[in-house]
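# Coordinates in review
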Amino acid sequence: EPEVTQTPSHQVTQMGQEVILRCVPISNHLYFYWYRQILGQKVEFLVSFYNNEISEKSEIFDDQFSVERPDGSNFTLKIRSTKLEDSAMYFCASSEAGRWGLNTEAFFGQGTRLTVV
Amino acid sequence: AQKVTQAQTEISVVEKEDVTLDCVYETRDTTYYLFWYKQPPSGELVFLIRRNSFDEQNEISGRYSWNFQKSTSSFNFTITASQVVDSAVYFCALSEDSGGGADGLTFGKGTHLIIQP
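Let me sum up the structure you'll find in this document. (Residues numbered from 1 in each chain as written. Chains lettered and ligands numbered in written order. Predicted model: local features only at pLDDT ≥ 70, side-chain atom pairs only at ≥ 80, totals over all residues. Heavy atoms only, no water.)

In terms of regular secondary structure, chain A is built from zero helices and eleven strands. Secondary structure elements in chain A, listed N-terminal to C-terminal, are β-β-β-β-β-β-β-β-β-β-β. Relative to the compact-globule value of 13 Å for 117 residues, chain A shows a C-alpha radius of gyration of 14 Å, a close match. Here the C-alpha coordinates of chain A stretch approximately 40 × 30 × 30 Å along the principal axes. When burial is assessed residue by residue, chain A has 45% of its 117 residues classed as buried. Long-range pairs, those at least 24 residues apart, make up 55% of the contacts in chain A between residues at least 6 apart in sequence. Of the roughly 5900 Å² of accessible surface on chain A, 45% is carried by carbon and sulfur atoms. Averaged over its 10 positive side-chain charges, chain A has a centre that lies 4 Å from the centre of its 15 negative ones. (Helix = DSSP H or I, 4+ residues; strand = E, 2+ residues; numbered from the N terminus. Rg over C-alpha atoms; globule rule 2.2 N^0.38 Å. Buried < 20%, exposed > 50% of the residue type's maximum accessible area, 1.4 Å probe, protein only. Contact = heavy atoms within 4.5 Å. Areas by Shrake-Rupley, 256 points an atom, 1.4 Å probe, with all protein chains shown as cover. Lys, Arg positive; Asp, Glu negative; His and termini not counted. Charge placed at Lys NZ, Arg CZ, Asp CG, Glu CD.)

Below, the structure written as structure tokens:
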């Protein structure tokens, strides 16, 4: 069964450093998403991406964050100048269509646990 | 603004008991979509169901069933004859139809379900 894969599974970084989280969405999917989950809390939407541009973003997704699809398969989330409060599980997701009414669903990866020290 | 409330932080039942997880949502849109996801101890998010706002039919899938009631803005999830493998955090989520595509999901805080042998 096709799946969304994320690397690395766990990343530890020093405060102030930049990190890039990587995702390989399901191959025929066109819409990509990043979510984060601070430990023990709810999952929060960060950004969605379609046709090589951001489709929607939340208030969390400020100038510290950026997304990119550098080639035909990868989808990345870059966090600049990391802060302690950026420590969280980051989930990538993809969907075939962007509008939920088209009987689509978002498939999530296993997540990257980011620890900022 | 959209909001999802899962009032039950944690539920603990003995195996084979039935259990219902509550989800109440708020939205100003007439078209919206509701989801349930399961997050087992391994951490990934597993899609369980999507329901469209215009489809109030209840759904049953094996031991799982969902009760969607627009009149009370609720989308409750029942597990019949629970099993230890059902132990997980369950998230209810909502997305409005902005028409622009790639809408993010708004998650509730989750209910931690513990099934004791």
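Read on for the rest.
Summing up its helical and strand segments, chain B has zero helices and twelve strands in all. Secondary structure elements of chain B occur, N-terminal to C-terminal, as β-β-β-β-β-β-β-β-β-β-β-β. For chain B, the C-alpha radius of gyration of 14 Å lies close to 13 Å, the compact-globule estimate for 117 residues. Referenced to the eigenvectors of the C-alpha coordinate spread, the extents of chain B come out at roughly 45 × 30 × 25 Å. When each of the 117 residues of chain B is scored for burial, the buried share is 50%. Intrachain contacts of chain B at a sequence separation of at least 6 include 56% that bridge at least 24 residues. As displayed, chain B has an accessible area near 5400 Å², and 48% of this comes from carbon and sulfur atoms. Between the centroid of the 9 positive side chains of chain B and the centroid of its 15 negative side chains there is a distance of 1 Å.

This paragraph deals with the pattern of salt bridges. Residue and element names in this part refer to chain B. Scanning the model with the defined rule gives four salt bridges over all chains in all. Across the pair Glu 59 and Arg 51 runs a salt bridge, and its minimum N-O distance is 2.8 Å. Arg 51 sits in the buried class, given a relative accessible area of 7%. Salt bridges linked by common partners bring Arg 51, Asp 55 and Glu 59 together as one network. (Salt bridge = Lys/Arg side-chain N within 4 Å of Asp/Glu carboxyl O.)

All names here are of chain B. Burial within strand 10 (residues 88-96) is extensive, with eight of its nine residues counted as buried. Relative to strand 10, strand 5 (residues 32-39) runs antiparallel, the two being bridged by eight bridges. Within strand 10, the position partnered with Phe 35 by the bridge is Ala 93. Bridge count for strand 10 against strand 12 (residues 111-116) is three bridges, and the pairing is antiparallel. Each residue of the ladder has a partner; that of Val 89, found in strand 12, is His 112. Pairing between strand 10 and strand 11 (residues 106-107): two bridges, direction antiparallel. Each bridged residue has a counterpart across the sheet, and for Ala 93 the counterpart in strand 11 is Phe 107. (Pairing = 2+ DSSP bridges.)

Turning our eyes to something else, we now look at the nonpolar core. Within the largest apolar cluster, 23 residues are counted, with the highest numbers of intra-cluster contacts made by Leu 21, Trp 36, Phe 75, Phe 77, Tyr 90 and Leu 113 of chain B. For this core, the secondary structure elements donating two or more residues are strand 2 (10-14), strand 3 (19-21), strand 5, strand 8 (64-69), strand 9 (74-79), strand 10 and strand 12 of chain B. The dominant element in this core, judged by the number of residues it contributes, is strand 10 of chain B, at four residues. The contacts of Phe 77 of chain B, once residues within four sequence positions are left out, are Val 19, Thr 20, Leu 21, Trp 36, Leu 48, Tyr 64, Ser 65, Trp 66 and Tyr 90 of chain B. Leu 46, Phe 61, Cys 92 and Val 116 of chain A belong to the second largest nonpolar core, which has 21 residues in total. (Core = buried A, V, L, I, M, F, W, Y, C linked by side-chain atoms within 4.5 Å.)

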